[in-house]
Amino acid sequence: MNFGTVLVVEDEPAIRRYVVGVLEAQGSRVRAAESGEVALETLGGNAVDIALVDLGLPGIDGLTLIRRIRTWSSVPIIVLTSRDTVEDKVAALDAGADDYLTKPFAEEELVARMRALLRRTAKEEHDPTLQFGDLEIDSARHLVHLNGELLKFTPKEYDLLEAMARNPGKLLTHQWLLQKVWGVGYATESTYLRVYMRQLRRKLGDDSDHPRWIMTETGLGYRWLPPSEK
Ligand code: CA
């Protein structure tokens, strides 16, 4: 798959070469940057379709870079990280990254994540009806049908369901979901989320161990699984 123009921000030459090689072999045009400063310069002068950003960079770090990019651009961003603490990933996602890959990663994994992210951002149409197999969510009337049967949700349950279903495949952090559904003052009320998520799963007949729709990303958040990635 050709990803268009890809910005690769990575200071380690071996990893940079590897990623650039993989992407060029896919037919993509690659702009490589070894620092955040160079990345900002590149972004200033070139249209980029997707960016891969290493978190540990000399000069301005990856997190700061993402925050700066997000002040003017909604380009899809995947973070490349060798730090594997949950806090680092949450910080990157909250800064505006769309997803992350932990180093070392396989070529297939990189390509699959990029493809999923681009497919999702390309499809941000505003059809009031969302369809996931036999599950239908009617955003205009706030009605949810599973196998043709109407499911009853409280308003907050419905809002949570829709917030996820509107962002299939994307890792949605606890903070993002809480702010989206309950409001800015609720960003740390993780208990709410757990309770509501359990209710949603029960009503949808979803199983957290073998999820069909809602996947838990331990310590980070949740993903609504798009049909094609099951
Ligand atoms: Ca690095």
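The rules behind each value
- Positions within a chain are numbered from 1, following the residues in the order the chain's sequence is written.
- Note on the predicted model: pLDDT of at least 70 is required for a residue's local features to be given, and 80 or more for side-chain atom pairs to be given and counted; whole-chain, interface and lining totals, by contrast, use all residues.
- The side-chain figures draw on all heavy atoms in the structure; neither hydrogens nor water molecules are used.
- Note on donors: an N, O or S atom is included if it sits within 2.8 Å of the metal, or within 3.2 Å for Na, K and Ca, and water is never included, so sites can look incomplete.
- Here a helix means four or more residues in a row that DSSP labels H or I, a strand means two or more in a row labelled E, and each is numbered from the N terminus.
- Working definition: with a 1.4 Å probe on protein chains only, accessible area under 20% of the residue-type maximum means buried, over 50% means exposed, and in between means partly exposed.
- By definition here, a salt bridge exists when the distance from a side-chain nitrogen of Lys or Arg to a carboxyl oxygen of Asp or Glu is within 4 Å.
- Centre distance within 6.5 Å is the pairing criterion for rings of Phe, Tyr and Trp, where only the six-membered ring of Trp is used; planes under 30 degrees apart are then read as stacked, over 60 as edge-to-face, and the remainder as tilted.
- At least two DSSP bridges between two strands are required for those strands to pair.
- For each domain, the first and last residues come from an automatic or database assignment.
- Should any heavy atoms of two residues lie within 4.5 Å, those residues are counted as being in contact.
- Buried area: the accessible area, evaluated with a 1.4 Å probe, that two parts lose upon being put together, summed over both parts.
- Working convention: axes come from line fits to C-alpha atoms, limited for helices to the stretch in contact. Angles between N-to-C directions cover 0 to 180 degrees.

Colleague: What should I look at first to understand the coordination of the calcium ion in this one?
Modeller: Reference values for angles at a metal are 109.5 degrees in the four-donor tetrahedral case and 90 or 180 degrees in the six-donor octahedral case. The protein atoms that coordinate the calcium ion are Asp11 (OD), Asp54 (OD) and Gly56 (O), at distances of 2.2 to 2.3 Å. Coordination of the calcium ion draws on donor residues from a single chain, spaced D-x42-D-x1-G in sequence. Here aspartate 54 lies in strand β3 (residues 50–54) and aspartate 11 lies in the loop between β1 (5–9) and α1 (13–25), a separation of 43 residues in the sequence. For aspartate 54, a relative accessible area of 2% corresponds to the buried category.

Colleague: Can you walk me through the pattern of salt bridges in this structure?
Modeller: If you walk through the whole model with that rule in mind, you get 11 salt bridges. Aspartate 98 is paired through a salt bridge with lysine 170; the nearest N and O atoms lie 3.2 Å apart. Within this pair, whereas aspartate 98 is found in the loop between α4 (86–95) and β5 (99–102), its partner lysine 170 is found in the loop between α6 (155–165) and β10 (171–173), the two being separated by 72 residues in sequence. On the basis of relative accessible area, lysine 170 is assigned to the partly exposed category, the value being 22%.

Colleague: Any chance you could explain the packing of aromatic side chains here in plain terms?
Modeller: Aromatic rings in a pair are described by how distant their centres are and how their planes are angled relative to each other. Overall, the coordinates contain six aromatic pairs when judged by the stated rule. Considering the side-chain rings of phenylalanine 132 and tryptophan 224, the 5.4 Å spacing of their centres and the 70° angle between planes classify their relative orientation as edge-to-face. Of this pair, phenylalanine 132 sits in strand β6 (residues 129–132) while tryptophan 224 sits in strand β12 (residues 221–224), and the two are 92 residues apart along the sequence. Judged by centre distance (5.9 Å) and plane angle (45°), the ring pair of tyrosine 186 and tyrosine 192 falls under tilted.

Colleague: Which parts of the structure should I look at to understand the pairing of β12?
Modeller: In regular strands, side chains alternate between the two faces of the sheet. Summarising the sheet, β10 and β12 pair through three bridges and their orientation is antiparallel. If you follow leucine 172 over to β12, its bridge partner there is tyrosine 222. Pairing between strand β11 (residues 214–217) and β12: four bridges, direction antiparallel. Counted as the bridge partner of glutamate 217 is glycine 221 from β12. The hairpin turn running from β11 into β12, its antiparallel successor, is three residues long, and glycine 219 in that turn takes a positive phi close to 80°.

Colleague: What exactly am I supposed to notice about the domain arrangement of the protein chain here?
Modeller: Many analyses report the size of an interface as the accessible area lost when the parts associate. Here the domain parsing of the protein chain yields domain 1 (5–125) and domain 2 (127–229). Between the C-alpha centres of domain 1 and domain 2 there is a distance of 27 Å. Contact residues are listed per partner, giving 13 residues for domain 1 and 15 residues for domain 2. Of the roughly 1100 Å² buried at the junction of domain 1 and domain 2 (both faces included), carbon and sulfur atoms supply 48%.

Colleague: I tried to follow the sheet that holds β11 on my own but got confused; where do I start?
Modeller: Picture the strands of a sheet paired through backbone hydrogen bonds; they go either parallel or antiparallel. Read across the open sheet, the three strands follow the order β10-β12-β11; overall the sheet is antiparallel. What marks the edges here is a single partner per strand, and that holds for β10 and β11. The sheet shows a mean angle of 30° between the axes of neighbouring strands, direction not considered. Against the sheet, helix α7 (residues 174–181) makes contact with β10 and β12, and its axis sits at roughly 70° relative to β10, the strand it touches most.

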